[in-house]
Structure formats: C-alpha cells, structure tokens
Amino acid sequence: MLSWTANATARTLLGLGVRDCTAGFRCYRREVLETIGLTRVRSSGYSFLVEMLFECRRAGFTVGESPIVFANREHGRSKISRSEISKRC
C-alpha cells in the first residue's frame with residue numbers, strides 16, 4: 001500500500017508518465033546522464049529514483065518501462081525504513 005500511494009502521488013504531482021517510479025533497476029544512456037548532470041541530483045534512496053525520472057522527463061528524454069514482478073514481494077513488509085519515510089515527507 002505504501003508503494004502504491006507513493007507512486008500514485010509522484011505520478012500525479014510530478015507528471016512522470018511512468019507506472020513504477022521506484023523501480024530499482026534502470027538503464028540510462030550516457031547522453032541522459034551527461035545532460036542531467038548527476039551533481040545536481042540531491043536525493044538518496046527511493047527518492048533518488050523519483051528525482052532521476054523527473055530530471056529525465058524535464059530534460060525531454062523518454063522513459064521506457066519493462067515491468068517485472070518478484071513473487072516473494074507481492075505481499076510482506078516494505079524495505080523502506082521509517083526514517084527514510086519521515087525524512088522525505
């Protein structure tokens with residue numbers, strides 16, 4: 001429920017145009033990383049993934065998704081810590 005809410009909020013507020021804003025596996029073209037300038041990215045943890053999506057879209061790049069499902073993560077506890085949740089809210 002936490003992941004669903006975070007993704008819905010990020011998609012709505014930031015207009016990211018992706019389904020899963022916190023997917024941990026991403027590939028970036030060199031041109032994207034050079035254009036964005038990684039020194040400008042200030043986030044860490046899951047918010048880093050959202051910020052990178054935002055910067056990619058803001059720079060005019062498209063973002064593709066290849067959904068994957070981890071069977072052992074369909075139910076259970078989140079990997080995100082309470083301190084990360086409170087720090088980012």
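The structure this text deals with has already been given above.
Reading the values: the criteria
- Think of each chain on its own: its residues are numbered from 1, step by step along the sequence as written.
- Given that the model is predicted, a residue must reach a pLDDT of at least 70 before its local features are reported, and side-chain atom pairs must reach 80 or more before they are shown or counted; all residues, however, enter totals for whole chains, interfaces and linings.
- Working from all heavy atoms in the structure, the side-chain values ignore hydrogens and water.
- Working definition: helices are DSSP H or I runs of at least four residues, strands are E runs of at least two. Numbering for both runs from the N terminus.
- For the exposure calls, accessible area comes from a 1.4 Å probe over protein chains only, and a residue counts as buried if that area is under 20% of its type's maximum, exposed if over 50%, partly exposed in between.
- Only the protein chains shown count as cover for residues, with accessible areas throughout obtained via the Shrake-Rupley method and a probe of 1.4 Å.
- Side-chain atoms alone can form a polar contact between residues adjacent in sequence; in general such a contact is a pair of N or O atoms within 3.5 Å, and within protein one must be able to donate a hydrogen while the other accepts it.
- Working rule for contacts: check all heavy atoms of both residues, and any pair within 4.5 Å makes them a contact.
- Take a side-chain nitrogen of Lys or Arg and a carboxyl oxygen of Asp or Glu: if they are within 4 Å of each other, that pair is a salt bridge.
- Here a helix's expected span is defined as the number of its residues, less one, multiplied by 1.5 Å.

### A short note on the overall build of the protein
Here is step 1 of the chain: Secondary structure assignment for the protein yields 4 helices and 0 strands.
Here is step 2 of the chain: Written out in order from the N terminus, the α and β elements of the protein read α-α-α-α.
Here is step 3 of the chain: Out of the 89 residues in the protein, the part that is buried amounts to 21%.
Here is step 4 of the chain: Roughly 7200 Å² of accessible area belongs to the protein as shown, and the carbon and sulfur atoms make up 55% of that amount.

### Here's the deal with the side chain of glutamate 55
Here is step 1 of the chain: Inspection of the secondary structure puts glutamate 55 in helix α3 (residues 46-58).
Here is step 2 of the chain: What makes glutamate 55 buried here is its relative accessible area of 9%.
Here is step 3 of the chain: Looking at glutamate 55, its side chain comes within polar contact range of the side chain of arginine 58, at 2.9 Å.
Here is step 4 of the chain: Those residues within four positions of glutamate 55 in sequence are excluded, and the remaining contacts are Ile36 and Arg40.

### A few points about the pattern of salt bridges
Here is step 1 of the chain: What the rule picks out here adds up to 3 salt bridges.
Here is step 2 of the chain: Arginine 58 is the salt-bridge partner of glutamate 55, the closest N and O atoms lying 2.9 Å from each other. In this pair, glutamate 55 and arginine 58 are both assigned in helix α3, 3 residues apart and thus about one turn of the helix distant.
Here is step 3 of the chain: A residue is classified by how much of its surface remains accessible, and arginine 58, at 53% relative accessible area, is exposed.
Here is step 4 of the chain: One network of salt bridges, with partners in common, ties together Arg40, Glu55 and Arg58.

### A short note on α3
Side chains that are three or four residues apart share a direction in an α-helix, a result of its 3.6 residues per turn.
Here is step 1 of the chain: The terminal C-alpha atoms of α3 lie 19 Å apart, and with 13 residues this matches the ideal 18 Å at 1.5 Å per residue to within 8%.
Here is step 2 of the chain: Buried within α3 we find Ser47, Leu49, Val50, Glu51, Met52, Leu53, Glu55 and Cys56.

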